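Now for the letters of each chain:
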Amino acid sequence: MVQLRGSFGDDLNAHRMRQAHKKLAVALNAECYITDVPVVFSTLEERYLPEHRSAVAQLLARSQECRVVVFSPGTCTQTSRLFRSQLLSAVEKELLAQRAVGDICSHYVDANARICLPDANSRVAGLSLPDLRKVGQKILVAGGDEKIEVMHAALRWGYANRLVVDAKTALALSRYDSSGGGRAR
């Protein structure tokens, strides 16, 4: 079991996530690989510092070996942990709020699953979108109207080929029309 992206630091939520990952690994009789590098580095230079380079390389190598990936997309609102964090600048958050429909494995994308801010994207410590596309089983787990657009983008552009949602979200997703600005068909 591999954490697909960096972490948010040493707060209580990060600790709980580590514990949940470890419990799941025990239940699956699997090894658990967790990293403490940030999900997004402040600068590109910081991402390539010697003390981070090896941890990031190890994370990417293990992520690329995965045959099954389970992920939940994020939003561009204050409900998103990444969006609330200090890892993105105020200017980046403003641009993402205007351009992005959400994030797929911490990579912010538009409705056509194109990267919205290449500079911020290059600072992400985690599985790249091209590498995600190569994984055999990509299971998207999500719910709620605020994630419809990013779920649609992930499914339409090959970043997910399995979906786990509640009935209300499934109905909303089936009615979503990306060519009409998100209006129901």
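As a starting point, this report considers the structure included with it. The model shown is predicted, which means the values in this text are computed figures rather than measured ones.

Things to note about the environment of L140
For L140, the position within the fold is in strand β4 (residues 137-141). In this structure the C-alpha to C-alpha distance between L140 and S42, which are 98 residues apart in sequence, comes to 28 Å. Not counting residues within four places of it along the chain, the set of residues in contact with L140 comprises F71, P73, M151, A154, A160, R162, L163 and V164.

Thoughts on the pattern of salt bridges
Tallying each qualifying case throughout the model produces three salt bridges. Here R114 ties to D110 by a salt bridge, and the two come within 2.9 Å at their closest N and O atoms. Put simply, K134 and D131 hold a salt bridge, and the shortest N to O gap is 3.6 Å. Taken together, the residues span about one helical turn, with K134 and D131 both in helix α7 (residues 129-134) at a distance of three residues. A residue is classified by how much of its surface remains accessible, and D131, at 17% relative accessible area, is buried.

Some thoughts on a nonpolar patch on the surface
There is a patch of nonpolar side chains on the surface, built from V68, V70, V141 and V164 and spanning about 310 Å² of accessible area. Assignment of secondary structure puts V141 in strand β4.

Re the sheet that holds β4
Spatial strand order, β1-β4-β5: three strands in an open sheet with parallel pairing. Single-partner strands in this sheet number two, and they are β1 (68-71) and β5 (162-164). Across this sheet, the average inter-strand angle for adjacent strands is 20°, counted without regard to direction.

Some thoughts on the nonpolar core
By size, the foremost hydrophobic cluster in this structure holds 24 residues, and its most contacted members are V69, F71, I104, L132, L140 and Y159. Listed by contribution, the elements that provide at least two residues to this core are β1, α7 and α8 (148-156). If you tally residues by element for this core, the top one is α8, at five residues. One finds V40, F83, L88 and L117 within the second-largest nonpolar core, a separate group that totals 14 residues.

Thresholds, definitions, all that
Residues numbered from 1 in each chain as written. Predicted model: local features only at pLDDT ≥ 70, side-chain atom pairs only at ≥ 80, totals over all residues. Heavy atoms only, no water. Helix = DSSP H or I, 4+ residues; strand = E, 2+ residues; numbered from the N terminus. Contact = heavy atoms within 4.5 Å. Salt bridge = Lys/Arg side-chain N within 4 Å of Asp/Glu carboxyl O. Buried < 20%, exposed > 50% of the residue type's maximum accessible area, 1.4 Å probe, protein only. Patch = residues over 30% accessible without salt bridge, like charges linked within 9 Å, V, L, I, M, F, W, Y side chains within 5 Å. Areas by Shrake-Rupley, 256 points an atom, 1.4 Å probe, with all protein chains shown as cover. Pairing = 2+ DSSP bridges. Axes fitted to C-alpha atoms, helices over the stretch in contact; angles between N-to-C directions. Core = buried A, V, L, I, M, F, W, Y, C linked by side-chain atoms within 4.5 Å.

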